Amino acid sequence: MNGKQYEEWFRKVLNLLPPMSAVVIDQAPYHTMLVPETKNPTMSWLKEDIVAWLIRRNIPLPPDAIQFQTLTKAALINHARPYFKPVRVIEQITKQLRPDVELIWLPVEHCELNAIELIWAYVKGAMAKVNRSNAEEKEGSINTTRALCEKKLKSVTPELWAKCVKHSINFENHYWEKDHINQEIQQIEPVIINLDSSDSESDWDEIELHDDISDCNE
């Protein structure tokens, strides 16, 4: 799937969702495509394109600059950074078509928080078994593979989906628990040892230490 295909599919899905739904999405490249007009300049851009980006957004000159053209690319990007407001394509689509729907973005590389990944694993596992058998019999084809995929997807029951969701929630709760423990550790007050002790205390420590040594020698 590419960005265009995903965008078309996502529009169809939005129309099928009940009111006040939430959509959980991972940060695959075709999920996070930006609206072209909101892309932020980078060092790979030509300097004149960065300047045009700044002028198009009516961004004021830095106090010590006469014109943007006198600044380096790095300085231009640093000046533009506070004005960065990238918008993802599917965020824009959701806002336009279904403002009642909330998009929940998963952290990068945490597929265990996405219940749908378990469904894909279930379908792929079932297909792999049949495909191996078909390969041995030399009867495998793209049509049979597609038919098998559709059959397995239709076999996903609400009960199976509920188990997958519960599995992901357990992972989420585990991470929340770990995060809470880390916060508690960070909140522990430091122990301060006063090294500026009095002479009398030092003498007393020496006496106690001497007595302990004497006892050991006896």
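Let me begin by describing the structure that accompanies this report. All of these numbers come straight from a predicted model, not from anything done at the bench.

## Quick word on the overall build of the protein chain
Item 1. Scanning the protein chain from terminus to terminus reveals 8 helices and 2 strands.
Item 2. Going from N to C terminus, the protein chain has its helices and strands arranged as α-β-α-α-α-β-α-α-α-α.
Item 3. Residue burial in the protein chain is summarised as follows: out of 218 residues, 22% are buried.
Item 4. Restricting the contact set of the protein chain to residue pairs at least 6 apart, pairs at least 24 apart contribute 68%.
Item 5. For the protein chain, the accessible surface area stands at approximately 16,700 Å², while carbon and sulfur atoms represent 57% of it.

## Things to note about the packing of aromatic side chains
Geometrically, a pair of aromatic rings is defined through the distance of the ring centres and the angle of the planes.
Item 1. For the coordinates displayed, the defined rule picks out 5 aromatic pairs.
Item 2. Taking the centre distance of 6.0 Å and the plane angle of 25° together, the rings of Tyr6 and Phe10 count as stacked. Pair noted here: Tyr6 and Phe10 are both in helix H1 (residues 3–16), with a separation of 4 residues, about one helical turn.
Item 3. Assessed through its relative accessible area of 2%, Phe10 is described here as buried.
Item 4. In this structure an aromatic cluster arises from ring pairing among Tyr6, Trp9, Phe10 and Tyr30.
Item 5. Over the ring of Trp105 we find Arg88; its NZ or CZ atom is 4.2 Å from the centre of that ring.

## As for the pairing of strand E1 (residues 22–25)
Each regular strand displays side chains that alternate between the two surfaces of the sheet.
Item 1. Going residue by residue along E1, you find Val23 and Ile25 tucked away on one face and Ala22 and Val24 left uncovered on the opposite face.
Item 2. Direction of pairing for E1 relative to strand E2 (residues 102–105): parallel, over a ladder of 4 bridges. The partner of Val24 across the bridge, within E2, is Ile104.

## Some remarks on the packing of helix H2 (residues 47–56) against helix H3 (residues 73–80)
The relative placement of two packed helices comes down to the angle between their axes together with the axis-to-axis distance.
Item 1. Orientation of H2 relative to H3, taken along the N-to-C sense of each, is 25°, at an axis distance of 10 Å. Between H2 and H3, the angle falls in the class roughly parallel. Viewed along their axes, H2 and H3 form a crossing whose handedness is left-handed. In this structure, H2 uses Lys47, Ile50, Val51, Trp53 and Leu54 to contact H3, whose residues at the interface are Lys73, Leu76, Ile77, His79 and Ala80.
Item 2. For the contact of H2 with H3, a count of residues per class yields 7 nonpolar, 1 polar and 2 charged.

## A closer look at the pattern of salt bridges
Item 1. Within the structure shown, the criterion is met by 3 salt bridges.
Item 2. Here Arg146 and Glu150 are joined by a salt bridge, their closest N and O atoms 3.4 Å apart. Of the two residues, Arg146 and Glu150 are both situated in helix H6 (residues 142–154); the distance of 4 residues between them amounts to about one turn of the helix.
Item 3. Residue Arg146 is classed as exposed on the basis of its relative accessible area, which comes to 58%.
Item 4. By relative accessible area, Glu150 is classed as partly exposed at 40%.

Analysis parameters
Residues numbered from 1 in each chain as written. Predicted model: local features only at pLDDT ≥ 70, side-chain atom pairs only at ≥ 80, totals over all residues. Heavy atoms only, no water. Helix = DSSP H or I, 4+ residues; strand = E, 2+ residues; numbered from the N terminus. Buried < 20%, exposed > 50% of the residue type's maximum accessible area, 1.4 Å probe, protein only. Contact = heavy atoms within 4.5 Å. Areas by Shrake-Rupley, 256 points an atom, 1.4 Å probe, with all protein chains shown as cover. Phe/Tyr/Trp six-rings, centres within 6.5 Å; stacked < 30°, edge-to-face > 60°. Lys NZ or Arg CZ within 6 Å of the ring centre and 35° of its normal. Pairing = 2+ DSSP bridges. Axes fitted to C-alpha atoms, helices over the stretch in contact; angles between N-to-C directions. Parallel < 35°, antiparallel > 145°, perpendicular 65-115°, else oblique. Left-handed = near helix turned anticlockwise from the far one by under 90°. Nonpolar A, V, L, I, M, F, W, Y, C, P; charged D, E, K, R; others polar. Salt bridge = Lys/Arg side-chain N within 4 Å of Asp/Glu carboxyl O.

It is worth stressing that arrangement in space is one thing and function is another; only the former is reported here.
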